[in-house]
Amino acid sequence: MAIPQERFYTEEDYEKLPENIHAELIDGKIYDQAAPSRRHQDILMELAGTIRDYIKAKGGKCKVYPAPFFVKLFEDGETHGITIVEPDISVICDRDKLTKRGCEGAPDWIIEIVSPGNASHDYIRKLALYEDAGVREYWIVNPEKKIILVYHLGQENFEVSHYTFGDNIKAGIFEDLSINFKELDLI
């Protein structure tokens, strides 16, 4: 009797997904993503807008992309299989990584907004992927608990800081950007 084999998906399989399906391809496995809540979208738009306005005001070269946005972290390799994610917010400062489809390589800063059904996906799976890929900074925003975890991944010593929606948070990849969550229009 043959033992059923687990299916590993390719980039071509991912590209064939219907446009209305939001999914990520991580180490050759497809992970479906539920539609975000209104609160999720409020947070995403406030953060992405704040970051974009800062970059424009400073005449910066970095680009901000909200989901859905194609980010290929890994090709098939020994450590990771093909991995394509759609972070809630991606900040890319090396424009050579930008392609027609999105980004190939690690963004400098990623922000994920936790949905109740996929918390472990952001806290565990993606944290490890982003660290391995070379993302410099990773924020996890939890709307239910009103907390933000900030991981400084590009440093020798792994660092994490804990904040609330009442805090002013310094973005590590920029010299003078701080985001005051109290001042965001989060209803």
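Notes on the structure follow. (Residues numbered from 1 in each chain as written. Predicted model: local features only at pLDDT ≥ 70, side-chain atom pairs only at ≥ 80, totals over all residues. Heavy atoms only, no water.)

A few words on a positive patch on the surface. A grouping of Lys-56, Lys-61, Lys-63 and Arg-95 is seen on the molecular surface, where their side chains present a positively charged patch. On the secondary structure map, Arg-95 appears in the loop between strand S6 (89-92) and strand S7 (102-104). (Patch = residues over 30% accessible without salt bridge, like charges linked within 9 Å, V, L, I, M, F, W, Y side chains within 5 Å. Areas by Shrake-Rupley, 256 points an atom, 1.4 Å probe, with all protein chains shown as cover. Salt bridge = Lys/Arg side-chain N within 4 Å of Asp/Glu carboxyl O. Lys, Arg positive; Asp, Glu negative; His and termini not counted. Charge placed at Lys NZ, Arg CZ, Asp CG, Glu CD. Helix = DSSP H or I, 4+ residues; strand = E, 2+ residues; numbered from the N terminus.)

Turning next to the pattern of salt bridges. Applying the stated rule across the entire model yields 11 salt bridges. A salt bridge links Glu-12 to Lys-16; the nearest nitrogen and oxygen atoms lie 3.3 Å apart. Arg-101 is paired through a salt bridge with Glu-15; the nearest N and O atoms lie 2.8 Å apart. Of this pair, Arg-101 sits in the loop between S6 and S7 while Glu-15 sits in helix H1 (residues 11-15), and the two are 86 residues apart along the sequence. Overall, Arg-101 belongs to the partly exposed group, its relative accessible area being 36%. Residue class for Glu-15 comes out partly exposed when judged on its relative accessible area of 45%. In the salt-bridge network here, residues are joined through shared partners; they are Glu-11, Glu-15, Lys-72, Glu-75 and Arg-101. (Buried < 20%, exposed > 50% of the residue type's maximum accessible area, 1.4 Å probe, protein only.)

Under the counting rule described, the total for this entry stands at eight aromatic pairs. Relative to Phe-174, the ring of Trp-109 lies with its centre 6.2 Å away and its plane at 65°, an arrangement referred to as edge-to-face. Taken as a pair, Trp-109 in strand S8 (residues 109-113) and Phe-174 in the loop between strand S12 (168-170) and strand S13 (178-180) lie far apart in primary sequence, 65 residues in all. Plain terms: the ring middles of Tyr-130 and Tyr-138 are 4.9 Å apart, the flat faces sit at 85° to each other, and that makes the pair edge-to-face. Linked through ring pairs, Tyr-54, Trp-109, Trp-139 and Phe-174 together constitute an aromatic cluster. (Phe/Tyr/Trp six-rings, centres within 6.5 Å; stacked < 30°, edge-to-face > 60°.)

So, on to the state of the cysteines. With the rule as written, the count across this model stands at one disulfide. The disulfide that involves Cys-62 links it to Cys-93, with 2.0 Å between the sulfurs. Linking Cys-62 and Cys-93, the disulfide has an S-S dihedral of approximately 100° and is accordingly described as right-handed. Of this pair, Cys-62 sits in the loop between helix H2 (38-58) and strand S3 (63-66) while Cys-93 sits in the loop between S6 and S7, and the two are 31 residues apart along the sequence. Across this residue pair, the class does not change: Cys-62 and Cys-93 are buried. No disulfide involves Cys-103; its sulfur sits 11 Å from that of Cys-93, the nearest cysteine. (Disulfide = S-S within 2.5 Å.)

From the geometry alone we can't say anything about function, so treat these as descriptive.
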